[in-house]
Amino acid sequence: MDLRTMTQSLVTLAEDNMAFFSSQGPGETARRLSNVFAGVREQALGLEPALGSLLSVAHLFDLDPETPANGYRSLVHTARCCLAHLLHKSRYVASNRRSIFFRTSHNLAELEAYLAALTQLRALAYYAQRLLATNRPGGLFFEGDEGLTADFLREYVTLHKGCFYGRCLGFQFTPSIRPFLQTISIGLVSFGEHYKRNESGLGVTASSLFTSGRFAIDPELRGAEFERITQNLDVHFWKAFWNITEIEVLSSLANMASATVRVSRLISLPPEAFEMPLTSDPKLTVTISPPLAHTGPGPVLIRLISYDLREGQDSEELNSMMKSEGPRILELRPRPQQTSRSRSLVVHFHGGGFVAQTSKSHEPYLKSWAQELGAPIISIDYSLAPEAPFPRALEECFFAYCWAVKHCALLGSTGERICLAGDSAGGNLCFTVALRAAAYGVRVPDGIMAAYPATMLQSAASPSRLLSLMDPLLPLSVLSKCVSAYAGAETEEHPNSDEKALGMMGLVRRDTSLLLRDLRLGASSWLNSFLEFSGQKSQKTSAPTVESMRRSVSEAALAQPEGPVGTDSLKILTLKDLNLKSSSETSETPEMSLSVETLGPSTPSDVNFFLRPEDAREEAEAKEGLSAKDGSSRVSNAFPEGFLPRRTSQGATQMPLYSSPIVKNPFMSPLLAPDNMLKTLPPVHIVACALDPMLDDSVMFARRLRALGQPVTLRVVEDLPHGFLSLASLCRETRQAAELCVERIRLILTPPAAAAAAAPPPL
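Residues numbered from 1 in each chain as written. Predicted model: local features only at pLDDT ≥ 70, side-chain atom pairs only at ≥ 80, totals over all residues. Heavy atoms only, no water.

(A) Representation of the overall build of the protein within the structure. Each helix and strand in the protein was counted, giving 27 helices and 13 strands. In the protein, buried positions account for 59% of the 763 residues. Long-range pairs, those at least 24 residues apart, make up 82% of the contacts in the protein with a sequence separation of at least 6. Just so you have it, the protein exposes about 30100 Å², and 54% of that area is on carbon and sulfur atoms. (Helix = DSSP H or I, 4+ residues; strand = E, 2+ residues; numbered from the N terminus. Buried < 20%, exposed > 50% of the residue type's maximum accessible area, 1.4 Å probe, protein only. Contact = heavy atoms within 4.5 Å. Areas by Shrake-Rupley, 256 points an atom, 1.4 Å probe, with all protein chains shown as cover.)

Structure (structure tokens):
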């Protein structure tokens, strides 16, 4: 059913039901039912033109005609799902309203919940139109000046969200996912209660997550509590909640449903420098230093997973680095026979918003990968923010990647084909590790498989990111807190908030974070020296260049003098400047640099996104003069007269709009990398989700690579949430999406000659 027909059918049914309940007398229930259908009629009529205008231009933002996916399409699809549910419910009411079995209160509550959702979706459609009018043709990310960006986000996050976390939870996803999301939401709000009573949630057990029955039977209460938690609790809460899957009972249950492998060992790589040959001249080497940023040298943990025990995996050298995870039950079994080394190796970086989870959380699907691919897999347990912000994780992942390339024989591989694979934050690390390998001149992986990656960590709006208003796994405030923690600026809580629940250790963490903030900001200066030696590198690497690469990035940052290329100057360094510094032969401005140049000077700041109505009016009046000067209308003018979306009832809450130059760093936001850096990437295969707030990250990154002539594919799965790999065993749809990721990895691991021989003959 097309959008117009669906809207007309819904309006007709709403008018019929409205007339019926209006004639039922002065009762409160009849009045509310009449009002809710009047509201459905009004919102549907107002929403249809906005959706139609978005749909008419959505094709202009696709990667290609075979990949019809972007945030505008996703927003229209989500609104259609809400309209379809209201249409179904309106038909049911029209058919059963005279029956004695008609559950009046239940149907009224559901209709009111979906009307609230429809109202908020209408607001998102108007915001999307605002983005469409502001951005350059083909651009999906908001490109207004920094003040306008702050205005947009400030206005956006005041929208009411609780309606999407109660009865309407997950309505946009496949029905198989919704029971799981409901269970997660109940567990989240129960965990939030325990978190307030137990410092940092450390005392919470798996059985205590579902003890609050009132949240299970009252969707409205659950939605309100879910909204309160997402807006007010700090990043340490989310770290604790996301790590709940690693509780022994839950991890054991997950592993019972996964494939059985011969090898699953945690290995500790010693923090010792080693030499790697340069790809341009293998006679020359570069020193790979151990990670140093923030906490100094330290070991890097990796997990080796292999379906078969292969040569080298049981060697004394590898066993000496093995880290104990408890008693080894496998030692009591007969010693399995070794098989030959695989030609392939998969290096995996796990997701978790840079702040949570380990390889243990992702072990179930990695075991299946090891079985299906017939290749050993190493998954890197990089250090997590906020204790270890950028660039610590990148340094550890790059160190582990280089170690694996050099010592692949110990891992059961000959290293002929190497694939980087990761999901979400891990997808980001796949790109940045490959960029760093190219900058160092060492072997670049043969390909990258990134599942729903984050490629833009800047606070920039896009049509798909508008979906974070209703996403139960990636709310906007949570995304912001994770990015701020990774950038080195933890979220500061409102001083009057009674939801702090940090305890003594939490206060120590907060104060330590504030004390080290300025030191952390200095990490951004490493980019300058990093790009300098990348730009100076020639076909014939000279001794001074090699010597400069022997220093770690952190050492280069500490030795960087103040002045034109110091930390202070980086605060106003644009991507165009970085491109000129890194390549003198590139004359054109990178596609994404235009949006960065308009941002102007940026400093870390806390912006109160949750304004009281009177505050919003005062600020709008104060800025009215500026709007008239530049000819651009402010965000508040996005809504037509007479339409007012619902606003949050949670009150004013601090959420950082962190606009440090670090988030513009190409090694943090690869979407902002200049062309000459992106040209060094190997073939890229991206698997994204149509309803993921990060969808536009994938679409724009694939478009940039396609424009540069780089090999890239983008596959978008429907009706699944962000993080579907961790849900691979949940239902048929998630299994199929996980199989798609395995298929893409197999393409990378297949040698080009074998792939050409296996390809069907041309017609």
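(B) Layout of the pairing of strand 8 (residues 413-423). Burial analysis of strand 8 places nine of its 11 residues in the buried class, which makes it a mostly covered element. Strand direction decides the pairing type here: strand 6 (residues 342-349) and strand 8, joined by seven bridges, are parallel. Residue pairing for strand 8: Val346 is matched across the bridge by Cys419. Each parallel crossover has a hand, and the one from strand 8 via helix 14 (residues 425-440) to strand 9 (residues 447-451) is right-handed. (Pairing = 2+ DSSP bridges. Right-handed = clockwise from strand over helix to strand, strands pointing away.)

(C) Region of interest: the environment of Val355. Relative to the elements of secondary structure, Val355 occurs in the loop between strand 6 and helix 12 (359-373). A relative accessible area of 0% places Val355 in the buried class. As for Val355 and Glu387, which are separated by 32 residues in sequence, their C-alpha atoms are 8.7 Å apart. The residues contacting Val355, other than those within four sequence positions of it, are Val235, Lys239, Trp242, Leu384, Ala385, Cys482 and Ala485.

(D) Looking closely at the nonpolar core. Leu124, Ile288, Trp369 and Phe724 are the most contacted members of the largest nonpolar core, which has 211 residues in total. Per element, the largest residue contribution to this core is 16 residues, and it comes from helix 4 (residues 104-134). When sequence neighbours within four positions are dropped, the list of residues in contact with Trp369 reads His348, Gly374, Ile377, Ala421, Met449, Leu725, Ala738, Cys741, Val742 and Ile745. (Core = buried A, V, L, I, M, F, W, Y, C linked by side-chain atoms within 4.5 Å.)

(E) Representation of the packing of helix 3 (residues 71-96) against helix 4 in the model. In contact at an axis separation of 10 Å, helix 3 and helix 4 are set at 155 degrees when each is read in the N-to-C sense. Taken as axis vectors, helix 3 and helix 4 run roughly antiparallel relative to one another. The hand of the helix 3/helix 4 crossing is left-handed. Its residues assigned to classes, the contact of helix 3 with helix 4 shows 19 nonpolar, three polar and two charged. (Axes fitted to C-alpha atoms, helices over the stretch in contact; angles between N-to-C directions. Parallel < 35°, antiparallel > 145°, perpendicular 65-115°, else oblique. Left-handed = near helix turned anticlockwise from the far one by under 90°. Nonpolar A, V, L, I, M, F, W, Y, C, P; charged D, E, K, R; others polar.)

(F) The arrangement of helix 25 (residues 695-707) in detail. The end-to-end C-alpha separation of helix 25 is 18 Å, in line with the 18 Å expected for 13 residues at 1.5 Å each. Phi turns positive, to about 80 degrees, at Gly709, one or two residues after helix 25. (Expected span 1.5 Å × (residues − 1).)

(G) Up close: the pattern of salt bridges. Overall, the coordinates contain 22 salt bridges when judged by the stated rule. Residues Arg647 and Glu155 are paired through a salt bridge, measuring 2.6 Å at the closest nitrogen-oxygen approach. Of this pair, Arg647 sits in the loop between helix 23 (613-630) and strand 11 (654-658) while Glu155 sits in helix 5 (residues 146-156), placing them 492 residues apart in sequence. In this structure Arg647 comes out as partly exposed when scored by relative accessible area, which is 34%. Residue Asp446 is joined to Arg417 by a salt bridge in which the shortest nitrogen-to-oxygen separation is 3.5 Å. With a gap of 29 residues between them, Asp446 in the loop between helix 14 and strand 9 and Arg417 in strand 8 connect regions that are remote in the sequence. For Asp446, a relative accessible area of 21% puts it in the partly exposed group. According to the relative accessible area criterion, Arg417 is buried, its value standing at 15%. Within this structure, Lys360, Glu363 and Lys367 form a network of salt bridges that share partners. (Salt bridge = Lys/Arg side-chain N within 4 Å of Asp/Glu carboxyl O.)

(H) Representation of the sheet that holds strand 4 (residues 300-306) within the structure. Pairing in this open sheet of nine strands is mixed, and the strands run 5-1-4-7-6-8-9-12-13 from one edge to the other. Among the strands making up the open sheet, the edge pair consists of strand 5 (322-323) and strand 13 (712-717). Examined bridge by bridge, strand 12 (residues 684-689) and strand 13 share six bridges and lie parallel to one another. Residue pairing in the sheet places His685 in a bridge with Thr713 of strand 13.

(I) Quick look at unusual backbone geometry. Note the cis peptide between Ala385 and Pro386, where omega equals 5 degrees. In this fold, Pro386 is placed in the loop between strand 7 (377-381) and helix 13 (392-406). Of the consecutive residues Phe390 and Pro391, the connecting peptide bond is found in the cis state with omega at 5 degrees. Residue placement: Pro391 occurs in the loop between strand 7 and helix 13. Of note, the phi angle at Gln357 is positive, near 75 degrees, even though the residue is not glycine.

(J) Molecular detail of the environment of Leu479. Looking at the secondary structure, you find Leu479 in helix 15 (residues 476-487). As for Leu479 and Ser468, which are separated by 11 residues in sequence, their C-alpha atoms are 8.8 Å apart. With near-sequence residues (within four places) excluded, Leu479 lies in contact with Ser468, Leu474 and Met694.

(K) Main features of the confidence of the model for the protein. Looking at the protein, the pLDDT average stands at 79 and 72% of residues meet or exceed 70. This model gives residues 200-204 a pLDDT under 50, and the stretch forms 11 contacts once residues within four places in sequence are excluded. (pLDDT = per-residue confidence, 0-100.)

(L) Looking closely at the packing of aromatic side chains. Summed over the entire model, instances satisfying the criterion amount to 24 aromatic pairs. Relative to Phe226, the ring of Tyr165 lies with its centre 4.3 Å away and its plane at 35 degrees, an arrangement referred to as tilted. Taken together, the residues span a long stretch of sequence, with Tyr165 in the loop between helix 5 and helix 6 (178-197) and Phe226 in helix 8 (residues 219-232) at a distance of 61 residues. Its relative accessible area of 0% is what places Tyr165 among the buried residues. (Phe/Tyr/Trp six-rings, centres within 6.5 Å; stacked < 30°, edge-to-face > 60°.)

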